[in-house]
4 protein chains.
Amino acid sequence: MLVVMKKGASPEQIAHVVERVQELGLTAIPLPGEERTAIGTFGVAAQDHADAVEALPGVERVVLVSRPFKLSSREVQPQDTLVRVGDVPIGGPDVAVMAGPCSVESREQTLGTARAVRDAGAVVLRGGAYKPSTSPYHFRGLGEPGLEILAEAKRATGLPVVTEVLAPADVERVALVADCLQIGARNMQNFALLDAVGETQSPVLLKRGLSATIEELLLAADYILARGNRNVMLCERGIRTFERYTRNTFDVNAIPLLKRLTHLPVVADPSHGTGKWYLVAPVALAAVAAGADALLIEVHPSPDHALKDGFQSLTFENFAALMRAAPAVAGAVNRRVASPAPVA
Amino acid sequence: MLVVMKKGASPEQIAHVVERVQELGLTAIPLPGEERTAIGTFGVAAQDHADAVEALPGVERVVLVSRPFKLSSREVQPQDTLVRVGDVPIGGPDVAVMAGPCSVESREQTLGTARAVRDAGAVVLRGGAYKPSTSPYHFRGLGEPGLEILAEAKRATGLPVVTEVLAPADVERVALVADCLQIGARNMQNFALLDAVGETQSPVLLKRGLSATIEELLLAADYILARGNRNVMLCERGIRTFERYTRNTFDVNAIPLLKRLTHLPVVADPSHGTGKWYLVAPVALAAVAAGADALLIEVHPSPDHALKDGFQSLTFENFAALMRAAPAVAGAVNRRVASPAPVA
Amino acid sequence: MLVVMKKGASPEQIAHVVERVQELGLTAIPLPGEERTAIGTFGVAAQDHADAVEALPGVERVVLVSRPFKLSSREVQPQDTLVRVGDVPIGGPDVAVMAGPCSVESREQTLGTARAVRDAGAVVLRGGAYKPSTSPYHFRGLGEPGLEILAEAKRATGLPVVTEVLAPADVERVALVADCLQIGARNMQNFALLDAVGETQSPVLLKRGLSATIEELLLAADYILARGNRNVMLCERGIRTFERYTRNTFDVNAIPLLKRLTHLPVVADPSHGTGKWYLVAPVALAAVAAGADALLIEVHPSPDHALKDGFQSLTFENFAALMRAAPAVAGAVNRRVASPAPVA
Amino acid sequence: MLVVMKKGASPEQIAHVVERVQELGLTAIPLPGEERTAIGTFGVAAQDHADAVEALPGVERVVLVSRPFKLSSREVQPQDTLVRVGDVPIGGPDVAVMAGPCSVESREQTLGTARAVRDAGAVVLRGGAYKPSTSPYHFRGLGEPGLEILAEAKRATGLPVVTEVLAPADVERVALVADCLQIGARNMQNFALLDAVGETQSPVLLKRGLSATIEELLLAADYILARGNRNVMLCERGIRTFERYTRNTFDVNAIPLLKRLTHLPVVADPSHGTGKWYLVAPVALAAVAAGADALLIEVHPSPDHALKDGFQSLTFENFAALMRAAPAVAGAVNRRVASPAPVA
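Every chain begins its residue count from 1, and numbering advances along the sequence as written. Note on labels: chains are lettered from A, ligands numbered from 1, in written order. Whole-chain, interface and lining totals are the exception, using all residues; otherwise, since this is a predicted model, local features are given only for residues with pLDDT of at least 70 and side-chain atom pairs are given and counted only at 80 or more. Processing note: side-chain calculations cover all non-hydrogen atoms of the structure and skip hydrogens and water entirely.

Here we come to the packing of aromatic side chains. Ring pairs are drawn from Phe, Tyr and Trp, using the six-membered ring of Trp, whenever the two centres fall within 6.5 Å, and their geometry is named by plane angle: stacked under 30 degrees, edge-to-face over 60, tilted for the rest. With the rule as written, the count across this model stands at 12 aromatic pairs over all chains. Between B:Phe242 and D:Phe242, the aromatic rings sit 5.6 Å apart at their centres with planes inclined by 55°, giving tilted as the arrangement. Residue B:Phe242 is found in the loop between strand E12 (232-236) and helix H8 (254-261), and its partner D:Phe242 is found in the loop between strand E12 (232-236) and helix H8 (254-261); the two belong to separate chains. Summarising the burial analysis for this pair, B:Phe242 and D:Phe242 share the class buried. A run of H or I in DSSP becomes a helix once it reaches four residues, and a run of E becomes a strand once it reaches two; helices and strands are each numbered from the N terminus. With a 1.4 Å probe rolled over the protein chains alone, any residue whose accessible area is under 20% of its type maximum counts as buried; one over 50% counts as exposed, and the rest are partly exposed.

Our next topic: the sheet that holds strand E1 (residues 2-5) of chain B. All names here are of chain B. Strand order in this open sheet of 4 strands is E2-E3-E1-E4, and the pairing throughout is antiparallel. One side of each edge strand has no neighbouring strand; the edge strands of this open sheet are strand E2 (27-32) and strand E4 (59-63). Ignoring strand direction, the axes of neighbouring strands in this sheet form an average angle of 20°. Paired strands are those between which DSSP finds at least two bridges. Bridging between E2 and strand E3 (residues 37-42) involves 6 bridges; their strand directions are antiparallel. By the bridge assignment, Ile-29 is partnered in E3 with Gly-40. Orientation is described by lines fitted to C-alpha atoms, with helices fitted over the stretch in contact, and by angles between N-to-C directions that extend from 0 to 180 degrees.

The next point concerns the relation of the copies chain C and chain D. Between the two copies, chain C and chain D, the superposition gives an RMSD of 0.0 Å; the rotation angle is 180° and the shift along the axis is 0.0 Å. This pairing of chains is accounted for by a two-fold axis. When C-alpha positions in chain C are compared against the rotation axis, the closest is assigned to C:Ser211, at 3.3 Å. Only residues with pLDDT of at least 70 in both copies count here: their C-alpha atoms drive the least-squares fit that superposes the copies.

Turning our eyes to something else, we now look at the relation of the copies chain B and chain A. Placing chain B over chain A gives an RMSD of 0.1 Å and needs a rotation angle of 180°, together with 0.0 Å of translation along the axis. Here, two residues are considered to be in contact whenever any of their heavy atoms come within 4.5 Å of each other. Most of the interface of chain B is mirrored in chain A, where 98% of its interface residues are also at the interface.

Another point: helix H6 (residues 191-198) of chain B. All names here are of chain B. Most of H6 sits inside the fold, with 7 of its 8 residues counted as buried. Buried residues of H6: Phe-191, Leu-193, Leu-194, Asp-195, Ala-196, Val-197 and Gly-198, and no others. Lining the buried residues of H6 we find helix H5 (171-177), strand E10 (180-183), strand E11 (204-207) and helix H7 (214-226).

When pLDDT is averaged along chain A, the result is 92, and 96% of the positions lie at 70 or above. This complex was scored by the predictor with a pTM of 0.90 and an ipTM of 0.90. A residue's pLDDT is simply how confident the predictor is in it, with values from 0 to 100.

By a widely used convention, the size of an interface equals the accessible area lost when the partners come together. Chain C puts 52 residues into the contact, and the matching count from chain D is 52 residues. Computed with a 1.4 Å rolling probe, the buried area is the accessible surface lost when two parts are put together, summed over both parts. Of the roughly 4400 Å² buried between chain C and chain D, counting both surfaces, carbon and sulfur atoms make up 50%. Should a side-chain nitrogen of Lys or Arg be within 4 Å of a carboxyl oxygen of Asp or Glu, the pair is scored as a salt bridge. In this structure, the connection of chain C to chain D is made through 6 salt bridges. One salt bridge in this structure joins C:Arg240 and D:Glu216, with 2.4 Å as the shortest N-O distance. Under this definition, polar contacts are N or O atom pairs within 3.5 Å; protein pairs additionally need one hydrogen-donor-capable and one acceptor-capable atom, and for neighbouring residues in sequence, both atoms have to be side-chain atoms. Across the contact surface, chain C and chain D share 17 residue pairs in polar contact (both at pLDDT 80 or more). Taken together, the elements giving at least two residues each to the side of chain C that touches chain D come down to helix H1 (11-23), helix H2 (47-54), helix H6 (191-198) and helix H7 (214-226) of chain C. Think of it as three bins: nonpolar holds Ala, Val, Leu, Ile, Met, Phe, Trp, Tyr, Cys and Pro, charged holds Asp, Glu, Lys and Arg, and polar takes everything else, Gly as well. Of the residues that constitute the side of chain C that touches chain D, the class distribution is 21 nonpolar, 12 polar and 19 charged.

Once that is clear, we can look at the pairing of E10(B). Residue and element names in this part refer to chain B. A two-sided burial pattern is seen for E10, the buried positions comprising Cys-180 and Gln-182 on one face and Leu-181 and Ile-183 on the other. In the sheet, strand E9 (residues 161-164) pairs with E10 via 3 bridges, with the strands oriented parallel. Pairing of Thr-163 across the sheet is with Leu-181, part of E10. Orient the strands so they point away from the viewer, and a crossover whose first-strand-to-second-strand path over the helix runs clockwise is right-handed. Tracing the backbone out of E9, into H5 and back to the parallel element E10 gives a crossover that is right-handed. Alignment of E10 against E11, held across 3 bridges, turns out to be parallel. Residue pairing in the sheet places Ile-183 in a bridge with Leu-206 of E11. Remark: the E10/H6/E11 crossover connection has right-handed handedness.

Here is the structure:
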């Protein structure tokens with residue numbers, strides 16, 4: 001933290017800032033300049049500290065110099081974290097594809113989709129039993145019966161399952177079935193929920209909030225890591241922008257940026273990241289080219305009959321076409337698309 | 001919902017859309033035009049429906065024509081809702097001022113502030129015992145001991161209390177002390193929490209999310225209303241924009257717009273809405289001029305020692321100055337600033 | 001500018017940064033710390049300098065500590081600038097109201113509106129002869145004949161005129177008629193145009209860009225000031241946000257913030273700032289309460305027949321109602337609404 | 001355009017809307033419903049029309065159903081437009097790489113860079129003689145001497161040149177040297193400039209504005225096309241978002257979306273689109289995977305000595321590495337990287 005004093009700030013004001021900084025547990029060193037004095041501080045300062053000091057008399061501006069996230073930082077852990085979803089490693093050399101319906105709607109739809117995505121090469125099944133919905137008048141998921149259908153799909157296909165959890169009280173129940181707990185974008189800063197999944201050892205797929213910065217995403221990851229759960233994956237799923245032809249804007253920059261800032265695996269969700277089925281495949285390939293460790297893709301047997309988000313789901317056929325195209329792009333950046341385990 | 005078909009869409013495609021719309025429970029009427037066919041639909045369509053239909057073959061575009069929120073709409077209830085926080089009516093002719101510290105830090109700080117804001121004319125005490133924090137390494141509130149301090153401040157001053165609740169499991173406990181439950185901006189779409197406060201009859205102060213639209217705010221209110229709790233107030237507290245000199249951008253347009261769209265009371269929070277103490281008073285007065293039903297103001301005995309958000313808190317003196325200025329502005333728009341109940 | 005080196009940056013890397021900073025014309029002082037070295041610099045650094053240094057080997061992050069705008073800053077000129085549009089002073093104790101049609105459409109419409117706004121208390125006439133339009137297929141203004149109509153309206157009413165200029169080549173011609181040149185939001189960073197109006201001594205009304213920060217607005221003002229034209233007024237006219245029920249979001253924070261950062265007068269445009277006629281009056285009053293020096297209001301004899309932006313124009317009657325309400329709000333914040341000069 | 005009337009709108013109000021719609025040159029057909037009446041219109045309606053009608057008494061909401069851009073639309077021209085920059089075709093099967101310095105700083109820097117990028121495989125030289133700058137105190141380009149240096153670099157390497165034009169008065173002069181005129185992001189809605197380049201037959205590289213939507217970009221292209229210049233290329237160069245670790249957010253969705261909506265070639269600029277040199281290569285590869293027709297890359301012999309934007313420029317070595325990686329990604333999506341013409 002660097003505190004820049006106003007021109008003509010009095011010695012008393014400078015002394016007051018030094019004192020206040022020390023109360024915050026930091027060391028303060030005044031740096032007199034020709035026009036004005038600056039005060040350097042040492043120790044880990046936070047945005048709240050900076051804001052507090054900026055309110056002091058005589059202060060012109062405060063600038064933070066260190067990054068606030070810690071446990072997720074590559075400075076803390078240089079080597080990549082490998083998260084295992086079932087027996088599928090994510091964050092290593094292979095690019096894993098997770099696919100399935102947005103929502104679990106029925107036994108038939110879920111099992112059919114699970115088999116189709118597995119046959120096409122997916123190694124993890126995704127599907128929502130508890131679904132967030134902007135409107136209280138819409139479908140909010142099947143709940144527990146949905147979890148049972150997912151469990152059956154897992155037994156039938158051998159694919160590990162990722163599914164969303166919406167409330168701290170549901171974590172235990174969902175974790176009985178799920179191989180990976182998903183925290184949705186709207187819950188990225190639901191701190192009670194982050195604490196709750198942090199108390200488990202289940203892998204967590206943490207989605208970036210609709211207008212969250214990368215720094216806020218990493219701080220949310222730190223919540224989970226700080227509770228002792230190190231199995232965290234970060235998911236870029238598009239951010240809100242002014243563009244109206246797409247539902248969200250997939251932030252492809254976030255992929256190489258996150259790989260640089262953090263040791264956690266980075267997952268790309270081009271289904272939510274575009275909101276249009278016809279943009280999913282090109283953006284999925286772009287994500288692989290940019291260095292994503294995994295893809296999360298919505299697939300539905302009959303997208304125009306989906307209860308939720310059908311407009312961004314691929315048909316079985318379109319998903320299979322994407323799976324045929326992905327290996328060449330992965331190969332072009334020296335990765336492989338992860339192969340399904342051989343069927344016993 | 002109006003479905004616009006592509007030029008040259010086939011009769012089969014049109015028939016398929018009509019059929020699909022009917023499956024969604026809506027009536028569909030094709031409207032052939034010179035260049036292309038449109039299909040009008042009747043019944044309440046949702047964004048999800050529109051998106052689903054847009055994915056059908058031959059469809060160019062779908063436009064929603066009705067607003068998705070209902071219980072909060074003035075079309076459903078034309079007359080204003082009056083919410084009572086303790087015995088303070090909000091949403092009527094008087095403008096109520098709610099004030100107090102961002103966080104409950106100590107008994108002394110809270111009681112001192114409560115007395116000061118009451119003496120200056122506030123009619124509700126605000127203060128947080130459970131605090132959301134972007135970083136896991138920062139102060140997250142005193143928790144239960146904080147609630148006890150709030151209860152004592154309430155007894156000491158007679159002011160009803162508004163305080164935040166962060167998790168469904170805490171609702172019952174917080175409601176024992178609080179006269180009004182606050183849902184913070186980051187939880188505006190925490191649907192499990194909205195459901196939980198909807199099951200109570202406590203007044204709820206629902207804050208607009210950091211990048212939420214007005215429509216999303218009203219849908220979040222509908223979650224609470226739909227569970228049977230009609231005591232909902234909406235709070236404009238600033239939205240995230242590109243501006244960096246302020247913490248948030250207070251959306252003053254939202255005040256008259258909400259008064260037009262909904263019957264629920266509208267509260268303005270210029271403390272979070274600006275993030276700079278020196279902008280709080282002018283923006284508070286602007287909110288009153290624009291028609292706000294209440295103000296929510298952070299006050300701290302020593303803002304530069306606040307554990308959280310001190311940079312946006314008013315001193316006792318600055319708050320008293322604002323309270324001296326507010327009545328003239330309220331009078332200019334034919335309102336009055338609510339008076340405290342006489343001390344027994 | 002403060003340069004934060006990476007943990008373990010080598011002495012050579014530090015020396016290289018010091019050398020590079022000095023090449024930029026700044027003084028560099030290394031500040032060794034326990035964990036890492038920082039390098040303080042003195043002299044006026046710019047964002048470009050910061051970005052350049054951030055690319056050097058061993059550098060973790062660079063933070064700018066001084067504000068980049070100068071001539072518009074209150075640090076350079078503490079006392080308020082008073083700009084005279086015709087004989088109307090703007091930036092002094094009185095709040096001036098500028099009103100008129102969005103576009104000059106006809107002699108009759110313009111003269112009728114000019115008389116109506118003058119009778120209701122406006123002291124400056126606004127109206128566009130050259131109009132920017134997002135689409136090439138829409139009305140782009142009458143051009144020169146529009147200027148002649150404005151000249152006639154000025155003679156008929158005695159009101160000075162503010163009108164937009166779109167291209168450097170038009171500046172001279174427009175300045176013959178206009179008492180104040182308007183730079184529209186889409187041209188805020190049209191640097192050739194800023195240079196051109198900076199070469200004149202005409203008052204300039206500089207509108208904030210659709211997604212411009214306050215800092216960028218002040219830098220744009222510096223372009224004009226740096227050419228020698230000190231008669232610059234800044235206009236908040238709403239910024240682009242995610243909200244769809246309003247055309248723009250009027251940034252009321254900007255008013256007291258600009259009054260603090262700069263000595264230039266601040267004008268509020270609630271017509272563009274809301275985009276809905278029914279929000280114009282409450283937001284205009286809010287702007288006055290927040291400290292605006294002037295209002296810019298669109299008025300049309302028959303808004304639903306306007307060729308452009310009728311949906312945000314007030315009728316004569318609604319404008320007169322606003323003018324009746326404004327003095328009380330101005331009075332509540334110790335201002336007056338400027339009175340028209342007595343008719344000779 | 002569909003006009004939705006309020007519940008209980010009177011027959012007179014409906015008749016007034018019909019009449020007003022007809023005055024706008026459109027056909028209006030009332031569609032009475034159970035709850036309320038809607039009015040369908042036929043003919044090409046614009047946002048301005050919709051806004052105007054929305055202001056009429058009794059109207060609840062107006063929705064536009066057709067897209068406002070025309071000449072750039074695939075509905076108007078289904079087959080791809082091929083633009084030739086010098087003798088390099090853009091928009092065909094090959095992916096063209098345009099590279100060079102952000103700004104022309106000196107003869108030596110420009111010629112050296114031109115040779116280096118040509119040797120590495122670039123087929124077009126980029127470089128700015130006239131540079132926009134947010135601050136009036138920064139480098140704004142060499143101007144005419146810069147153009148002469150570009151002309152020399154073109155003769156020396158045989159590479160055609162793309163360079164920016166900032167003002168209508170400069171178009172003719174710049175077009176004497178440039179094989180392609182660049183319109184920068186800040187000028188995307190500088191309509192006088194769009195008109196001016198539309199009067200030439202020079203290829204135009206039109207950059208998307210900082211917070212422009214795709215629709216606004218296509219309308220800006222329509223300005224140029226409508227003047228008779230059909231040689232327009234669209235450039236995605238990142239949009240402004242809340243993210244602070246990157247300068248802009250490269251909108252990778254825009255690439256396949258534009259390829260679907262328009263026949264014009266789509267160019268990706270990952271240098272501005274990320275603002276960090278270490279993100280340029282992965283995002284460039286992502287753009288190719290998503291379907292870009294060309295890349296625009298900043299290269300500098302010594303990025304940490306660049307006068308402008310060095311932090312986002314690649315060194316010769318890093319550029320060569322990108323050029324070695326690109327062909328495999330292009331091949332993976334059935335494209336080729338365009339080869340330089342053989343040196344005579």
